[in-house]
Amino acid sequence: MKIVLPGGTGQVGGVLRRALTAAGHEVVVLTRRPARAGDVTWDGRTLGPWAAEAVDGSDVVINLAGRSVSCRYTDTNLRAMMDSRVDSARVVGEAIAAARTPPAVWLQMSTATLYAHRFDAPNDEATGTVGGAEPGVPGYWAYSVEIARNWEREQEKAATPRTRKVALRSAMVMSPDRGGVFDYLLWLTRLGLGGPVAGGAQYVSWIHDRDFVRAVEFLITRDDLTGAVNLAAPGPLPQREFMRALRRAWGMPVGLPATRWMAEVGAFVLRSDTELLLKSRRVVPGRLGDAGFAFDHGAWPQAAADLVRRTRHARSRTRRTPTRP
């Protein structure tokens, strides 16, 4: 198959590109800065030659484009998150609508952040509560929810009658890649800082990178599935338990706790935001499970052990690789 990845240069794009290429597919990445074979230039906002070159005649489009959420949630950055997601979804829809031979399926990245900050019950697609009106949380968290709603709405309203559309409400994708969320959490663990944050009762939803790829492949082949689908492992955990399992997998006995204000200071230093640490994301894969998808890494302790093993293997290979003169 020919698979197009708009915005496929980030961590998740790298995971998909490697796996889909290894499976024998032709993978085309739309990017502002082409750097390798298979890259095609686009600006993420306007139609251009990329539409005919990449999208027309393709089999699948998986739109991953959007400004990274790993930043300070200033008004400027929040607006950039909104615009980059909405603009890219809109123009991908325009390209598919204009194609003589449109793709059979358009998978549009979304986010599990859409769901409410809650502790009492898990959120699936049928019964989950959309966030934005929770009491006692920072007001700007509602803007993150609005970003997700507008992101999905742009795909919904696209006039693509010959293309099936699925919105991927993804939890954090855990992979051993440098710079990803697992790399950051492991860094904290290795420093002895991987303890509970603000008590650690907030839930962490996640998905192992290989299950993420398998779920994407599953959704490509399932012609009966449309609309929003949660991509999250069935076992979300409170943050204190999540980090305890990661410490155990790495072999770190100590994990110092952090108060809310300490998390705020740390997030400021790292140019990130505390929403990523403090919001309770208790998300479960209702529709995937109903459709018969089986997770290979559904429990976090075993998933963490696999990711740690792969991380150590990759680092040992890097140390053994001789430098060229």
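Going by the structure above, here's the rest.
About the cut-offs
Residues numbered from 1 in each chain as written. Predicted model: local features only at pLDDT ≥ 70, side-chain atom pairs only at ≥ 80, totals over all residues. Heavy atoms only, no water. Salt bridge = Lys/Arg side-chain N within 4 Å of Asp/Glu carboxyl O. Helix = DSSP H or I, 4+ residues; strand = E, 2+ residues; numbered from the N terminus. Buried < 20%, exposed > 50% of the residue type's maximum accessible area, 1.4 Å probe, protein only. Axes fitted to C-alpha atoms, helices over the stretch in contact; angles between N-to-C directions. Parallel < 35°, antiparallel > 145°, perpendicular 65-115°, else oblique. Contact = heavy atoms within 4.5 Å. Nonpolar A, V, L, I, M, F, W, Y, C, P; charged D, E, K, R; others polar. Lys, Arg positive; Asp, Glu negative; His and termini not counted. Polar contact = N/O pair within 3.5 Å; in protein donor to acceptor, adjacent residues only side chain to side chain. Core = buried A, V, L, I, M, F, W, Y, C linked by side-chain atoms within 4.5 Å. Pairing = 2+ DSSP bridges. Phe/Tyr/Trp six-rings, centres within 6.5 Å; stacked < 30°, edge-to-face > 60°. Lys NZ or Arg CZ within 6 Å of the ring centre and 35° of its normal. Left-handed = near helix turned anticlockwise from the far one by under 90°.

K.L.:
I keep staring at the pattern of salt bridges and nothing clicks. Help me out?
P.N.:
A pair can form between side chains of opposite charge whenever their charged atoms are brought close. Enumeration over the complete set of coordinates arrives at 17 salt bridges. Between D39 and R17 there is a salt bridge, with its nearest N and O atoms 2.9 Å apart. Of the two residues, D39 sits in strand β3 (residues 39–41) while R17 sits in helix α1 (residues 11–22), which places them 22 residues apart along the sequence. Assigned by exposure class, D39 and R17 land together as buried. Note that R79 and D83 form a salt bridge whose closest N and O atoms lie 3.2 Å from each other. Residue R79 and its partner D83 are located together in helix α3 (residues 75–98), separated by 4 residues, close to a single helical turn. Among the charged side chains, a network of salt bridges with common partners joins D209, D306, R309 and R310.

K.L.:
Sorry if this is basic, but what is going on with the packing of helix α5 (residues 181–190) against helix α7 (residues 239–250) here?
P.N.:
Where α5 contacts α7, the axes come no closer than 10 Å and their chain directions differ by 75°. Between α5 and α7, the angle falls in the class roughly perpendicular. The residues of α7 that touch α5, namely those facing F182, L185, L186, T189 and R190, are F242, M243, L246, R247 and W250. In terms of residue class, the contact of α5 with α7 is made up of 7 nonpolar, 1 polar and 2 charged.

K.L.:
So what exactly am I meant to see when it comes to unusual backbone geometry here?
P.N.:
Note on backbone geometry: most residues besides glycine have negative phi, and most peptide bonds are trans. The phi angle at A198 is positive, at roughly 55°, despite the residue not being glycine. You can see A198 is positioned in the loop between α5 and β8 (203–204). For A198, a relative accessible area of 35% puts it in the partly exposed group.

K.L.:
Help me understand the side chain of K165 in this model?
P.N.:
With respect to the helices, strands and loops of the structure, K165 is situated in strand β6 (residues 164–170). One buried charged residue, K165, remains without a salt bridge, the closest side chain of opposite sign being E156 at 8.0 Å. A distance of 2.8 Å separates a polar atom in the side chain of K165 from the backbone oxygen of A158. Excluding its chain neighbours within four sequence positions, the residues that come into contact with K165 are W106, Q155, E156, A158, T160, T226 and G227.

K.L.:
Got a minute to help me understand the nonpolar core in this structure?
P.N.:
If you look at soluble globular proteins, the nonpolar side chains tend to sit buried side by side. Counting residues in each nonpolar core, the largest one holds 34 residues, and the members touching the most others are L16, I62 and L231. The element that contributes the greatest number of residues to this core is helix α6 (residues 209–221), accounting for 7 residues. Of all hydrophobic cores here, the second largest spans 19 residues; its members include L186, M243, A245 and V308.

K.L.:
Please clarify how the sheet that holds strand β1 (residues 2–6) should be interpreted in this entry.
P.N.:
What links the strands of a sheet is backbone hydrogen bonding, and the strands pair in either a parallel or an antiparallel sense. What the 7 strands build is an open sheet, ordered β3-β2-β1-β4-β5-β6-β10; its pairing is parallel. In this open sheet, the two edge strands, each paired with only one partner strand, are β3 and β10 (227–231). Averaged over all adjacent pairs, the angle separating strand axes in this sheet is 25°, with direction ignored. Two elements, strand β5 (residues 105–109) and β6, share 5 bridges in a ladder whose sense is parallel. Residue V105 lies in a different strand from β6, and its bridge partner there is R164. Where helix α4 (residues 141–157) meets the sheet, it contacts β5, β6 and β10, and its direction lies at approximately 170° from that of β6.

K.L.:
How should I be thinking about the packing of aromatic side chains in this particular structure?
P.N.:
The geometry of an aromatic ring pair is captured by the separation of the ring centres together with the interplanar angle, meaning the angle of the planes. Enumeration according to the criterion identifies 8 aromatic pairs in this entry. On the basis of an interplanar angle of 80° and a centroid distance of 6.0 Å, the ring pair of Y73 and Y140 is categorised as edge-to-face. Residue Y73 is found in the loop between β4 (60–63) and α3, and its partner Y140 is found in the loop between β5 and α4; the two are separated by 67 residues along the sequence. Y140 gets classed as partly exposed once you look at its relative accessible area, which sits at 26%. Ring centres of F242 and W300 lie 4.2 Å apart, and the angle between their planes is 10°; on these two criteria the pair is classed as stacked. With F242 in helix α7 and W300 in helix α11 (residues 300–320), this residue pair connects regions lying 58 residues apart in the sequence. These aromatic residues form a ring-pair network of at least three members: F182, W206, F242 and W300. Its end group placed over the ring of W151, R85 keeps NZ or CZ at 4.8 Å from the ring centre. When the ring centre of W250 is taken as reference, the NZ or CZ atom of R312 above it lies at 3.9 Å.

K.L.:
Quick question: what am I supposed to make of α5 here?
P.N.:
Each α-helix winds once per 3.6 residues, and so residues spaced three or four apart point in a common direction. Turning to α5, its buried residues are F182, D183, L185, L186, L188 and T189. Phi turns positive one or two residues past the end of α5, at G192, with a value near 80°.

K.L.:
How should I be thinking about the packing of α1 against α6 in this particular structure?
P.N.:
When two helices pack together, their arrangement is given by the angle between the helix axes and by the axis-to-axis distance. Contact pair α1 / α6: the axes reach a minimum separation of 10 Å and the direction vectors enclose 65°. If you check the angle between α1 and α6, you find them roughly perpendicular. Read as a crossing pair, α1 and α6 show a hand that is right-handed. Residues V12, V15, L16, A19 and L20 of α1 form the contact with α6, whose own contacting residues are D209, F212, V213, V216 and E217.

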